[in-house]
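An overview of the molecular structure
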Amino acid sequence: MPLMEPYRVKVVEPIPILTRADREAAMARAGYNPFNLRADEITIDLLSDSGTGALSAAQQAAGAIGDETYAGSASWFRFREVVDELTGYPHIFPVHQGRAAERILFNALLEPGQLCVSNTHFDTTRANVLLAGGKPVDLPCAAAADLDSDHPFKGDIDLDALRAALEGPESVGVVVMTITNNGGGGQPVSMANLTAVRDLCREHGVPFFLDAARFAENAWLVVQREPGWSDKTPAEVARAAFELADGAVASLKKDAIAHIGGFLALRDPELAAQCELVLIATEGFRTYGGLAGRDLEMLAQGLREVVDPRYLAARAAATRYLGDLIKAAGVSIVEPAGIHALYLNAGRLLTHLPPAQYPGHALATELYLAGGIRCAELGTLYLGEEDENGVLLKAAPYELVRLAIPRRVYTQSHLEYVAEVVGEIAKNPERVPGYRMVSAPKLLRHFNCRVEPIRA
Ligand SMILES: *Cc1c(COP(=O)(O)O)cnc(C)c1O
């Protein structure tokens, strides 16, 4: 069947369409940093797939019957039933978003100086490991380093390196597998890899957790790509993945197709009791954890909808379709296309710009100036290291631009528009200027820095 969204539109929202002059003025005001743009200046927003999805009519209806009882709300019991069915974990705690689950778990689990080993830590996961006194270690598989290879499971962890870490001199407090591997280009993790991780963790008595923000998208790619799983439903694959682990943290702003929410779920009753105390002190009582009853209802319904194979097939096909159009326009992407985002290889397109002039940022900025498309780079602006005088010490390994795809928000013609804008830029890439830093805070500078174009 050809690509088609398995839903129709019931409520619409106009999108702002600005002139090039308006966009230039907006970008100049924003210090050429897309994070400083206002929503009413953006035509297509591909900054994040987090909390940006469109609710279904059934989710809206569920929200309307949200029960706002302080303790023991009916909405909590509905939420718990769905998460229990999905994961099988006996202890389930709602939290306001994924990073709260990370903070609670790592503070309970990690001794100071212990390692947290992962395929790749998401940035808040890494920050929460550090704040808990732990040391985050990323061990992506070798295939992940080749952006062009079409290896089906580039999100896997390097099992030899994991074994070496578990047998090494430093104590490993927990192993966390991120599915799909967001920090590693949104690539999926195979069930074979998760099973091997489970076996190694068991052998060494180390807890094994999932960072399961995109559990359904990972399950879909397992059904499509992994021998032995093609006859399973996405819900069955997701359940099998959760069963391998001792627990999970999850941001529900992604695969619950809702605007806020998360959970921490686990098996160990003692660890659960410890986490519950911190949950009550910092998030809320165990039956709401920082969420309203209406949020719990919308999350429960979203978790049911996200494992629908027709929804996942259409979403995966849409991302792949955009990737194919972009490649046809002569721009490389990180292969193979995943689901929640495409990553453009800006370094390969803008060969006239050295890393010190931020080619990834230059392409992201140009996408806005040329077409009102907002997105962000994952290159030297985000990951590079500079001295006090702003001289580049270490460039990022790649100059990438991430086009994140919100769930159920944009149609095929919106994606065709995005590809057309990319294609226009690719016709004369040498016209795209580089950028220099104007002001930057010491930490997380990509959110707050101001830069300016270097005019020839
Ligand atoms: C978004 C995300 C988080 C953090 O979740 P929030 O809900 O944004 O706090 C953690 N891990 C991964 C893989 C994510 O994508």
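Residues numbered from 1 in each chain as written. Predicted model: local features only at pLDDT ≥ 70, side-chain atom pairs only at ≥ 80, totals over all residues. Heavy atoms only, no water.

Moving on, we come to the packing of helix α3 (residues 74–87) against helix α11 (residues 293–306). At a closest axis distance of 8 Å, the pairing of α3 and α11 adopts a crossing angle of 30°. What the angle tells us is that α3 and α11 run roughly parallel. The interaxial crossing formed by α3 with α11 has left-handed handedness. Contact residues: α3 offers S75, W76, R78, F79, V82, V83 and L86, while α11 offers G293, L296, E297, L299, A300, L303 and R304. When grouped by side-chain class, the residues that make up the contact of α3 with α11 number nine nonpolar, two polar and three charged. (Axes fitted to C-alpha atoms, helices over the stretch in contact; angles between N-to-C directions. Helix = DSSP H or I, 4+ residues; strand = E, 2+ residues; numbered from the N terminus. Parallel < 35°, antiparallel > 145°, perpendicular 65-115°, else oblique. Left-handed = near helix turned anticlockwise from the far one by under 90°. Contact = heavy atoms within 4.5 Å. Nonpolar A, V, L, I, M, F, W, Y, C, P; charged D, E, K, R; others polar.)

The next subject is the UniProt feature "domain: Aromatic amino acid beta-eliminating lyase/threonine aldolase" (unreviewed entry) in the protein chain. In this structure's numbering, the residues bearing the UniProt feature "domain: Aromatic amino acid beta-eliminating lyase/threonine aldolase" (unreviewed entry) are residues 45–420. A distance of 15 Å separates the end C-alpha atoms of residues 45–420, which is 44% helix and 15% strand. (UniProt positions renumbered as here; feature names shortened; annotations may be inferred.)

On to the sheet that holds strand β9 (residues 341–345). Spatial strand order, β9-β14-β11: three strands in an open sheet with antiparallel pairing. Among the strands making up the open sheet, the edge pair consists of β9 and β11 (376–378). Sheet twist, expressed as the average angle between the axes of neighbouring strands with direction ignored, equals 35°. Taken together, the five bridges between β9 and strand β14 (residues 400–404) define a ladder with antiparallel strand orientation. Bridging from a neighbouring strand, N345 pairs with L400 of β14. Sheet strands in contact with helix α12 (residues 309–328) are β9 and β14, and its direction is about 15° off that of β9. Where helix α14 (residues 359–371) meets the sheet, it contacts β9, β11 and β14, and its direction lies at approximately 40° from that of β14. (Pairing = 2+ DSSP bridges.)

Taken as a whole, the protein chain is organised into domain 1 (20–49 + 308–453) and domain 2 (57–305). Taking only C-alpha atoms into account, the centre of domain 1 sits 28 Å from that of domain 2. Across the boundary between the two partners, domain 1 contributes 25 residues, which contact 27 residues of domain 2. Between domain 1 and domain 2, the buried area comes to about 2200 Å², and carbon and sulfur atoms account for 52% of it. Three residues, L312, P336 and R407, lead the burial of domain 1 against domain 2; their summed loss comes to 24% of the area buried on that side. Across the domain 1-domain 2 interface, the total number found is six salt bridges. Between D49 and R214 there is a salt bridge, with the nearest N and O atoms lying 3.0 Å from each other. Only α12, β9 and β14 provide two or more residues apiece to the side of domain 1 that touches domain 2. No other element matches the six residues that α12 contributes to the side of domain 1 that touches domain 2. In terms of residue class, the side of domain 1 that touches domain 2 is built from 14 nonpolar, three polar and eight charged. (Domains from an automatic or database assignment. Buried area = accessible area lost by both parts, 1.4 Å probe. Salt bridge = Lys/Arg side-chain N within 4 Å of Asp/Glu carboxyl O.)

In this section: helix α1 (residues 20–29). Those residues of α1 lying buried are R23, A26 and M27. All buried residues of α1 project into a common sector of 95° when viewed along the axis, lining one side. Where α1 is buried, its residues meet α14. G31 lies just past α1 and shows a positive phi near 65°. (Buried < 20%, exposed > 50% of the residue type's maximum accessible area, 1.4 Å probe, protein only. Arc of directions from axis to C-beta.)

Together, L443, L444 and F447 give the surface a local cluster of nonpolar side chains, amounting to about 330 Å² of exposed area. One can find L444 in the loop between β15 (435–439) and α17 (445–448). Given a relative accessible area of 54%, L444 falls into the exposed group. (Patch = residues over 30% accessible without salt bridge, like charges linked within 9 Å, V, L, I, M, F, W, Y side chains within 5 Å. Areas by Shrake-Rupley, 256 points an atom, 1.4 Å probe, with all protein chains shown as cover.)

Here we take up the UniProt feature "modified residue: N6-(pyridoxal phosphate)lysine" (unreviewed entry) in the protein chain. UniProt tags K254 as "modified residue: N6-(pyridoxal phosphate)lysine" (unreviewed entry). Inspection of the secondary structure assignment puts K254 in the loop between β7 (247–251) and β8 (262–266). Discounting chain neighbours no more than four positions away, the residues touching K254 are D49, S50, A213, R214 and R407. Of the polar contacts made by the side chain of K254, one reaches the side chain of S251; its length is 3.5 Å. (Polar contact = N/O pair within 3.5 Å; in protein donor to acceptor, adjacent residues only side chain to side chain.)

Taken residue by residue, a regular strand's side chains alternate between the two faces of the sheet. In terms of residue burial, β14 counts as a mostly covered element, since five of its five residues are buried. Side chains L400, R402 and A404 project from β14 onto one buried face, and the interleaved V401 and L403 project onto a second face that is buried too. As judged from the three bridges shared by β11 and β14, these two strands associate in the antiparallel manner. For L378, the partnering residue across the bridge sits in β14 and is L400.

Once that is clear, we can look at the site of the ligand. Residues in contact with the ligand amount to 15 residues; listed here are only the nearest, R99, D211, R214, S251 and K254. At 2.9 Å from an oxygen atom of the ligand is found a side-chain nitrogen or oxygen belonging to R214. The separation between an oxygen atom of the ligand and a polar side-chain atom of K254 is 2.9 Å. Notes on the ligand: free accessible area 380 Å², of which the protein chains cover 98%. Contributing elements (two or more residues each) for the shell around the ligand: α4 (98–109) and α5 (123–131). (Near = heavy atom within 4 Å.)

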